[in-house]
Every structure is written in C-alpha cells, then in structure tokens.
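Topology and contacts: notes
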Amino acid sequence: MIKASLVIMTVLTVLISIGLRWREQRVEALRPVVRREGWIAAQKRKANRWVTAAALAAVATLLVLGGLQWLRVWQNG
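Before going into details, it helps to say that this report is about the structure given with it. None of these values were measured; they are calculated from a predicted model.

Here is what the cut-offs are and how they apply
- Residues numbered from 1 in each chain as written.
- Predicted model: local features only at pLDDT ≥ 70, side-chain atom pairs only at ≥ 80, totals over all residues.
- Heavy atoms only, no water.
- Phe/Tyr/Trp six-rings, centres within 6.5 Å; stacked < 30°, edge-to-face > 60°.
- Helix = DSSP H or I, 4+ residues; strand = E, 2+ residues; numbered from the N terminus.
- Buried < 20%, exposed > 50% of the residue type's maximum accessible area, 1.4 Å probe, protein only.
- Contact = heavy atoms within 4.5 Å.
- Expected span 1.5 Å × (residues − 1).

**Focus on the packing of aromatic side chains**
Scanning all chains against the criterion turns up one aromatic pair. Where Trp70 meets Trp74, the ring centres are 5.9 Å apart and the plane angle is 40 degrees; that geometry is what we call tilted. Pair noted here: Trp70 and Trp74 are both in helix α2 (residues 39-76), with a separation of four residues, about one helical turn. We note that Trp70, like Trp74, is exposed.

Now the structure itself:
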C-alpha cells in the first residue's frame, strides 16, 4: 500500500505541476510583458510550483486512499 501511494503521489505531482505551468503560461500570455525576471526569481517560481503540486498531490492521495480504506471497513464491518 505504501508503494502504491508513493507512485500515485509522484504521478500526481508531475501532472499537477504540468497543469500549473500551463496555467502560468496562459496567464502570462494575456498580460503585457513589462520586464523579464531574473534567474533567481525564475527558480523560486519553479520551486513554488513543485511544492504546490506536491502538496496538492499529497492531499489528493490521502483522500483517495483514505476513502478506499473506509469503503473496505464499511464493507467488512
């Protein structure tokens, strides 16, 4: 069960990060470019995106696997 949750969390983290990057690009395309950010600011944005994706993936994994566990408890109980 632990291996499954790690795989699920990893896959969800990558997928959510791709979605967040796509959303950032769409928002940036709509507003005019005033100035370019520096390398450090870009790295902070990238790290923030991955941390957000990992947090959302952890919550989603907890909800899904916790829900499956409760279904198993209710069926056997």
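Moving on from the model shown.
**Side note on the side chain of Ser5**
Residue position: Ser5 is located in helix α1 (residues 2-30). Exposure remark for Ser5: the relative accessible area of 15% places this residue in the buried category. Ignoring any residue separated from it by four or fewer positions in sequence, one finds Ser5 in contact with Thr61 and Leu65.

**Describing α2**
Across its 38 residues, α2 extends 55 Å between first and last C-alpha, which sits within 8% of the 56 Å expected from 1.5 Å per residue. Along α2, the residues that are buried comprise Arg49, Ala53, Ala57, Thr61 and Leu65.

**A closer look at the side chain of Arg49**
Mapped onto the elements, Arg49 comes out in helix α2. Classification of Arg49 by relative accessible area gives buried; the value is 13%. Residues contacting Arg49, with those up to four places away along its chain left out, are Ser17, Leu20, Arg21 and Glu24.

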